[in-house]
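Spelled out from the first residue to the last, the chains are:
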Amino acid sequence: MTPVRHPRRRTEVLAGARDSLPMLLGAAPFGIIFGTLAGPSGLSPAGALAMSLCVFAGSSQFIALTLLASGAGLAVILLTTFVVNLRHALYSATLLPHVAGLKQRWRIPLAFWLTDETFAVVQHRYGAPDLSPHKHWYYLGSCLSMYANWFFWTLTGLMLGRSIPRLEHMGLEFAMAATFTGIVVPMLRNRPMLAAALGAAAVALAAHGLPYKLGLMLAALAGVVIGVVLEELS
Amino acid sequence: MTGREVALVAGMTAVTFLVRYGFFALGERVAFPPLARRALRYVPAAVLTAIVVPMVLLPDGAHWQLGWHNAWLLGALATGLIAWRFNHLLASIAGGMTVFFLCRWMIG
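The model shown is predicted, which means the values in this text are computed figures rather than measured ones.

## Observations concerning the nonpolar core
- Counting 102 residues, the largest nonpolar core has Leu43(A), Met51(A), Ile77(A), Leu95(A), Tyr139(A), Met12(B) and Phe24(B) as the members making the most contacts within it.
- Looking at this core, the element that brings in the most residues is helix 3 (residues 43–57) of chain B, giving twelve residues.
- Once you skip the residues sitting within four places of it in the chain, Phe24(B) turns out to touch Ser92(A), Leu95(A), Leu96(A), Val99(A), Gln104(A), Arg107(A), Leu110(A), Ala111(A) and Tyr139(A).

Here it is in structure tokens:
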């Protein structure tokens, strides 16, 4: 009987990075847009880099820029960050059975680097039938490539923003509206989801005059409640 | 970096990390209630729509602009149509931005 040969650690790291390649390319434009728009939104280059290195969550970084530009306060931005990133709790709950056997010195960095993209790639790897004990090295490979990639494209965007004067008058902020629209529209494939979005839009418009961007929180809450209730009824 | 930026980045870092690490920290001592799981699926659509719609319909932050002279509205409609038809994010962003800049150029 031949012993089962599992992929080595280095092989797993490289495979994780390789399988994340499409995601690396997909994240590039967003890193560039984030870096380019940081200045016009009122965030310093150091602040933008620190955000990409410490927060490492594209959608909430985008939203933070939008909120900064509109003059929102710290509490509103933090609350919105929490709500927008709540989906990561769902990811870590899903991955928990696979990492439960690891020490905290593994779990802490793997949690810090958990993004939508890495979740998608890693979940696929954990679902593979082989019993490799090194699948967390694959997870690490995906994380490291995504992290380096996000830093690189943020930096590129910052330099681009510096070299083009009067960028804030070019209407590039529309790139963010386009990004959000492009993400939301394909989600609206069923009635509860569509109703949740329409409800959120209506409340956001009705309440947009409220201070501290409270309208955003009310709208998100209304959308979620509408979606869940309609799902229950159907 | 100003003190306010340090607070912003530190706060966002703490919030994001706690959300990502919570379940990993607790191990298998917790179960995710099904209702919370269901509610979470509506969060991205609700939050993003609530951000985009006022940006597009009230581009200056105060006045409704529902006409054809609103480049934000036309650009967002183009983005939405391409996203709906082809389900390709970068293509819909590129298409929407093209329409947006064409409108701004024609309106002058």
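## Describing the interface of chain A and chain B
- The partner chain B presents 63 residues to the 88 residues of chain A that form the contact.
- Counting each side, the surface lost to burial between chain A and chain B is near 6,700 Å², with a carbon and sulfur contribution of 77%.
- For chain A, the biggest contributors to the area lost against chain B are Leu90(A), Phe174(A) and Leu205(A); these three give 10% of the whole.
- Applying the counting rule to chain A against chain B returns three salt bridges.
- For Glu231(A), the salt bridge identified is with Arg41(B), shortest N-O distance 3.2 Å.
- Here chain A is connected to chain B by 15 residue pairs in polar contact (both at pLDDT 80 or more).

## Section: unusual backbone geometry
- We note that Phe56(A) has phi near 55 degrees; this positive angle belongs to a residue other than glycine.
- Following the sequence through the fold, Phe56(A) ends up in the loop between helix 3 (45–54) and helix 4 (58–69).
- With relative accessibility at 4%, the residue Phe56(A) sits in the buried group.
- Phi at Asn87(B) takes a positive value of approximately 50 degrees, unusual for a residue other than glycine.

## Quick word on the packing of aromatic side chains
- Counted according to the given criterion, the structure contains 15 aromatic pairs over all chains.
- When the centroid spacing of 4.3 Å and the interplanar angle of 0 degrees are considered together, the rings of Phe174(A) and Phe100(B) count as stacked. In this pair, Phe174(A) sits in helix 10 (residues 174–184) while Phe100(B) sits in helix 5 (residues 89–107), so the two residues belong to two different chains. With respect to burial, Phe174(A) and Phe100(B) carry one shared label: buried.
- Here Phe17(B) and Tyr21(B) contribute two aromatic rings whose centre-to-centre distance is 5.1 Å and whose plane-to-plane angle is 15 degrees, an arrangement assigned as stacked. Of the two residues, Phe17(B) and Tyr21(B) both sit in helix 1 (residues 3–26), four residues apart, roughly one turn of that helix.
- Linked through ring pairs, Phe56(A), Phe112(A), Trp113(A) and Tyr147(A) together constitute an aromatic cluster.
- If you follow Arg125(A) out to its NZ or CZ, it ends over the ring of Tyr138(A), 5.7 Å from the centre.
- Here Arg189(A) stacks its cationic end above the ring of Trp84(B), 4.3 Å away from the centre of that ring.

## A short note on the pattern of salt bridges
- Throughout the structure, instances matching the rule amount to seven salt bridges over all chains.
- When the shortest N-O distance is used, the salt bridge between Asp130(A) and Arg125(A) registers 2.9 Å.
- With relative accessibility at 12%, the residue Arg125(A) sits in the buried group.
- Within this structure, Glu231(A), Glu232(A), Arg38(B) and Arg41(B) form a network of salt bridges that share partners.

## Comments concerning helix 8 (residues 116–126) of chain A
- Listing the buried residues of helix 8 of chain A in full gives Thr118(A), Phe119(A), Val121(A), Val122(A), Arg125(A) and Tyr126(A).
- In this structure, the buried side of helix 8 of chain A is in contact with helix 1 (9–19), helix 2 (21–41), helix 6 (87–99) and helix 9 (135–163) of chain A.

## Observations concerning the packing of helix 5 (residues 74–85) of chain A against helix 1 of chain B
- Where helix 5 of chain A contacts helix 1 of chain B, the axes come no closer than 9 Å and their chain directions differ by 25 degrees. As the angle between them shows, helix 5 of chain A and helix 1 of chain B are arranged roughly parallel. When you trace helix 5 of chain A past helix 1 of chain B, the crossing you get is right-handed. Facing Leu74(A), Ile77(A), Leu78(A), Thr81(A), Phe82(A) and Asn85(A) of helix 5 of chain A, the residues of helix 1 of chain B in contact are Arg4(B), Ala7(B), Leu8(B), Gly11(B), Met12(B), Val15(B), Thr16(B) and Val19(B).
- Of the residues contributing to the contact of helix 5 of chain A with helix 1 of chain B, the split by class is nine nonpolar, four polar and one charged.

Calculation notes
Residues numbered from 1 in each chain as written. Chains lettered and ligands numbered in written order. Predicted model: local features only at pLDDT ≥ 70, side-chain atom pairs only at ≥ 80, totals over all residues. Heavy atoms only, no water. Core = buried A, V, L, I, M, F, W, Y, C linked by side-chain atoms within 4.5 Å. Buried < 20%, exposed > 50% of the residue type's maximum accessible area, 1.4 Å probe, protein only. Helix = DSSP H or I, 4+ residues; strand = E, 2+ residues; numbered from the N terminus. Contact = heavy atoms within 4.5 Å. Buried area = accessible area lost by both parts, 1.4 Å probe. Salt bridge = Lys/Arg side-chain N within 4 Å of Asp/Glu carboxyl O. Polar contact = N/O pair within 3.5 Å; in protein donor to acceptor, adjacent residues only side chain to side chain. Phe/Tyr/Trp six-rings, centres within 6.5 Å; stacked < 30°, edge-to-face > 60°. Lys NZ or Arg CZ within 6 Å of the ring centre and 35° of its normal. Axes fitted to C-alpha atoms, helices over the stretch in contact; angles between N-to-C directions. Parallel < 35°, antiparallel > 145°, perpendicular 65-115°, else oblique. Left-handed = near helix turned anticlockwise from the far one by under 90°. Nonpolar A, V, L, I, M, F, W, Y, C, P; charged D, E, K, R; others polar.

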